[in-house]
Amino acid sequence: MLNHLDMRTTIAVGALLLAVTLFSPCCHAVSTITDVQTQNVVLGATASFSWIVTLDSVTVQSVQWFKQPSTQIAQKSGSTFTVSSIYSGRVENPAAETILLQNVTTSDVGSYRCSVILSDLTSLTDTTDLVIVDPTTAPTPTNPPVSGTTKPPAGNTTTPPNSGFPWWGYLLAVGGSILFLVVVAVVGVYIYKKKTRVSQDLRETPKKSTAEKDKTQKAVNEEV
C-alpha cells in the first residue's frame, strides 16, 4: 500500500512540474505597440505620427515607417535615422517611434504603418491614419510626448498584435518538460521495484530460518 502511494506521489509531482513548465511562458507579459491617435491636420501643416512601445525582456533592433501599402518613409537602426528620397526634407524623428511629416498635402492622406524589429527577431506592427480637415473646424493638436518604453494611456484596450516570446522557445519548453517527466517516471518505477523486492526479502527470511531449523532438528533426530 505504501509503495503504491509513493509511486503515485512521484508521478503526480512530475505531472505538476510539467504543467507549470508548459504554461509559464503563456503567463509572461508581452511586448506591445499602439498608436497615440489619428492625425487630423490641415493642408501645409505638420503631422506627428506617434507609437508607444512596451518591451518585455527584449530590445528594439530597428524601426521602419511606411505609407500603406508599402511606400517606405524612413528607418532607424540604433541612432542612425535614414529618410527615403521621396520624403527627403519633410521627415524628422524627434523621439523613439515618432516621426514628423511636414508640409502635408492631399497625396499624404491614408494609412501609415510602424514596424518594430525586436532583438529576438520578432516584430511589432501597428497603423494609424492621416486625414485632411477644414482649417476653420480643425481641432488644436494635442499630441502628448512619446517615450519608447512608456505604457499606453489609461483606458487603451488595443490588443497586442504579436508576442515577444519566440516559437522555438515553446518547443524547447515542451521537449524539456517531456524529458523531465520521463526521467521522473523511470526513477519512480525503480524506487517502487526496489522497495517491493526488499519487502519480499523480509517476508521470505523468517520462512528460510524456520526451514533451516526443521532441517537441523531432523538431522539430530536421525542421529539419535
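Residues numbered from 1 in each chain as written. Predicted model: local features only at pLDDT ≥ 70, side-chain atom pairs only at ≥ 80, totals over all residues. Heavy atoms only, no water.

Some thoughts on a nonpolar patch on the surface
On the surface, a cluster of nonpolar side chains totalling about 480 Å² of accessible area is made up of Leu-179, Val-183, Val-187, Tyr-190 and Ile-191. Positionally, Val-187 belongs in helix α2 (residues 167-223). (Patch = residues over 30% accessible without salt bridge, like charges linked within 9 Å, V, L, I, M, F, W, Y side chains within 5 Å. Areas by Shrake-Rupley, 256 points an atom, 1.4 Å probe, with all protein chains shown as cover. Salt bridge = Lys/Arg side-chain N within 4 Å of Asp/Glu carboxyl O. Helix = DSSP H or I, 4+ residues; strand = E, 2+ residues; numbered from the N terminus.)

With respect to the nonpolar core
Grouped together as the largest cluster of nonpolar side chains are 22 residues, with contacts concentrated most on Phe-49, Trp-65, Ile-73, Leu-101, Val-116 and Leu-130. Elements supplying a minimum of two residues to this core: β3 (47-49), β4 (51-54), β5 (60-67), β6 (71-77), β9 (98-101), β10 (110-118) and β11 (123-132). If you tally residues by element for this core, the top one is β10, at four residues. Look past the residues within four positions of Leu-101 in its chain and what remains in contact with it is Ala-45, Thr-46, Ala-47, Phe-49, Tyr-87, Arg-90, Val-91, Asp-108, Tyr-112 and Leu-130. (Core = buried A, V, L, I, M, F, W, Y, C linked by side-chain atoms within 4.5 Å. Buried < 20%, exposed > 50% of the residue type's maximum accessible area, 1.4 Å probe, protein only. Contact = heavy atoms within 4.5 Å.)

Side note on the packing of aromatic side chains
This model, assessed by the stated rule, comprises three aromatic pairs. Here the aromatic rings of Phe-49 and Trp-51 are separated by 6.4 Å at their centres, their planes lie at 20°, and the arrangement is stacked. Measuring from centroid to centroid gives 5.8 Å for Trp-65 and Phe-81, while their planes differ by 75°, and the two rings are edge-to-face. On the criterion of sequence distance, the pair formed by Trp-65 in strand β5 and Phe-81 in strand β7 (residues 80-83) is long-range, its members being 16 residues apart. Taking the relative accessible area as the measure of exposure, Trp-65 reaches 0% and is therefore buried. Overall, the relative accessible area of 25% leaves Phe-81 in the partly exposed class. Chaining the aromatic ring pairs together yields one cluster made of Phe-49, Trp-51 and Tyr-112. (Phe/Tyr/Trp six-rings, centres within 6.5 Å; stacked < 30°, edge-to-face > 60°.)

Focus on the confidence of the model for the chain
With 60% of its residues at a pLDDT of 70 or more, the chain has an overall mean of 74. A low-confidence stretch, residues 23-28 stays under pLDDT 50, and its non-local contacts, those more than four residues away or across chains, total five contacts. Ignoring residues within four places in sequence, the model shows residues 146-164, a span with pLDDT below 50, making 38 contacts including any to other chains. (pLDDT = per-residue confidence, 0-100.)

Focus: the pairing of β6
When β5 meets β6, the two strands line up antiparallel, connected through six bridges. What sits directly across from Lys-67, in β6, is Thr-71. With four bridges joining them, β6 and β7 adopt antiparallel strand pairing. Each residue of the ladder has a partner; that of Ser-77, found in β7, is Thr-80. The hairpin formed by β6 and β7 contains two residues between the paired strands, and Gly-78 there has a positive phi angle of roughly 65°. (Pairing = 2+ DSSP bridges.)

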